[in-house]
Amino acid sequence: MSVSEARTEQDTDLSASQPLSLAISPCPNDTFAFHALAHGLVPGAPTVDVTFADIDVLNSRAADGRDDLIKVSYAALPWLLADYQLLTSGGALGRGCGPLVLTAGRTDLRGARVAIPGRRTTAYLLFRLWAAERGVAGIDVLPFEQIMPAVRDGRYDAGLVIHESRFTYPSFGLTALADLGDWWEEQTSLPIPLGAILARRELDGPALSAAVRASVAAAFADPAASAAYVLEHSQELAPDVVDAHIKLYVNEFSLDLGEEGFAAIETLLARAADADLVPKLPGPLR
């Protein structure tokens, strides 16, 4: 029996008084997009209890099926779609926003040990596709905020970074060996699919997509309304970095995946399955 089949019938009612559990990252794109939903500002939407966690932790939480709504890496979808459905809003896709491979001056990865933010992250999946014949010696998972200091201090030869690290890595004395977003776009002409929003299968997916879409639209309409909430959870990032982060990761795909968004997701997961990096999808995404 799947996790979703084990839920009670009462849990499927979005109008029930018990709030839905929502697990997202504390990163500015998530707190910006979900501010209105988290604060009961979306008319007709269910109330939610929010938990914040790093993306690698969120991928593990989703595998346990403990949350009603959850942010995950698109790379993790093949293991999760038996119990969860993909929402069409709230996620992170885009152009010019891919993971970076950073070094302290090294120009190749042969024999290198690389720090990564998680084994089921989209960043690592792209890295595996890109680095298939580059002779990497090994990888270790670190919380993403620890990766750049570890490379700077010589504990790792390279680091795979995401999120606001795109804007801050020069301050650690690091250089970008590769931009995996640029590589992906050159390969496919598609945006890069990074983070997805999932809902338990027995819940009303279209209604939840509409609620999340309304939350994103509210954030776009009044950015100042979420500013304090975003900064509270932004891990002491400078306001200009927070603003750049939001502009890069919250965009038209956050409102609706659309045909191009679905094509990007399906292409990534099909290529990864062909390379035996992930299982084939158990069924259609839509």
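As the structure is a prediction and not an experimental result, all values here were calculated from the model. (Residues numbered from 1 in each chain as written. Predicted model: local features only at pLDDT ≥ 70, side-chain atom pairs only at ≥ 80, totals over all residues. Heavy atoms only, no water.)

Undergrad: Looking at this structure, how should I read the packing of aromatic side chains?
TA: Note on aromatic pairs: each is described by the distance of the centres and the angle between the planes. By the definition in use, this model includes four aromatic pairs. Taking 6.3 Å as the distance between ring centres and 55 degrees as the angle between the ring planes, the aromatic pair formed by Phe52 and Tyr229 counts as tilted. In this pair, Phe52 sits in strand β2 (residues 48-52) while Tyr229 sits in helix α9 (residues 227-232), placing the two residues 177 residues apart along the sequence. Of the residues examined, Tyr229 reaches a relative accessible area of 12% and is grouped as buried. Seen in terms of ring centroids, Tyr124 and Phe127 are 6.4 Å apart; in terms of plane orientation they differ by 20 degrees. Their pairing is stacked. Within this pair, Tyr124 and its partner Phe127 are both found in helix α4 (residues 122-130), separated by three residues, close to a single helical turn. (Phe/Tyr/Trp six-rings, centres within 6.5 Å; stacked < 30°, edge-to-face > 60°. Helix = DSSP H or I, 4+ residues; strand = E, 2+ residues; numbered from the N terminus. Buried < 20%, exposed > 50% of the residue type's maximum accessible area, 1.4 Å probe, protein only.)

Undergrad: What should I look at first to understand the environment of Ala158 in this one?
TA: Note that Ala158 resides in strand β9 (residues 158-161). Relative accessible area serves as the criterion here: at 0%, Ala158 is assigned to the buried category. Dropping the residues within four chain positions of it, Ala158 is found in contact with Val101, Leu102, Thr103, Leu109, Arg113, Val114, Ala115 and Val151. (Contact = heavy atoms within 4.5 Å.)

Undergrad: How should the side chain of Asn29 be read in this particular structure?
TA: Examined against the element boundaries, Asn29 turns out to sit in helix α1 (residues 28-38). Among the residues examined, Asn29 registers a relative accessible area of 5% and is labelled buried. At 2.8 Å, the side chain of Asn29 forms a polar contact with the side chain of His245. Setting aside its immediate chain neighbours within four residues, Asn29 contacts Lys71, Ala92, His245, Ile246, Tyr249 and Val250. (Polar contact = N/O pair within 3.5 Å; in protein donor to acceptor, adjacent residues only side chain to side chain.)

Undergrad: Mind showing me how you'd approach the pairing of strand β7 (residues 113-116) here?
TA: It is a general feature of regular strands that their side chains alternate between the two faces of the sheet. Alignment of β7 against strand β8 (residues 138-141), held across four bridges, turns out to be parallel. Residue Arg113 lies in a different strand from β8, and its bridge partner there is Gly138. Handedness of the crossover joining β7 and β8 through α4 is recorded here as right-handed. (Pairing = 2+ DSSP bridges. Right-handed = clockwise from strand over helix to strand, strands pointing away.)

Undergrad: It is not clear to me how the nonpolar core should be interpreted in this structure. Could you clarify?
TA: Within soluble globular proteins, side chains that are nonpolar tend to cluster in buried spots. Ranked by internal contacts, the top residues of the largest apolar core, which has 72 residues, are Leu77, Leu86, Val101, Phe127, Trp130, Leu198 and Ile265. Look past the residues within four positions of Phe127 in its chain and what remains in contact with it is Val101, Leu109, Val114, Val136, Leu160 and Leu180. (Core = buried A, V, L, I, M, F, W, Y, C linked by side-chain atoms within 4.5 Å.)

Undergrad: What am I meant to see in the sheet that holds β8 here?
TA: Each strand in a sheet pairs with its neighbour through backbone hydrogen bonds, running either in the same direction (parallel) or in the opposite one (antiparallel). Taken in spatial order, the five strands make up an open sheet running β8-β7-β9-β6-β10, and their pairing is mixed. The sheet is open, and its two borders are formed by β8 and β10 (175-179), each paired with just one other strand. In this sheet, neighbouring strand axes are inclined to one another by 25 degrees on average, regardless of whether the strands run parallel or antiparallel. With two bridges connecting them, β7 and β9 associate as parallel partners. Bridged to Val114 within β9 is Ala158. Sheet strands in contact with α4 are β6 (100-103), β7, β8, β9 and β10, and its direction is about 130 degrees off that of β9. (Axes fitted to C-alpha atoms, helices over the stretch in contact; angles between N-to-C directions.)

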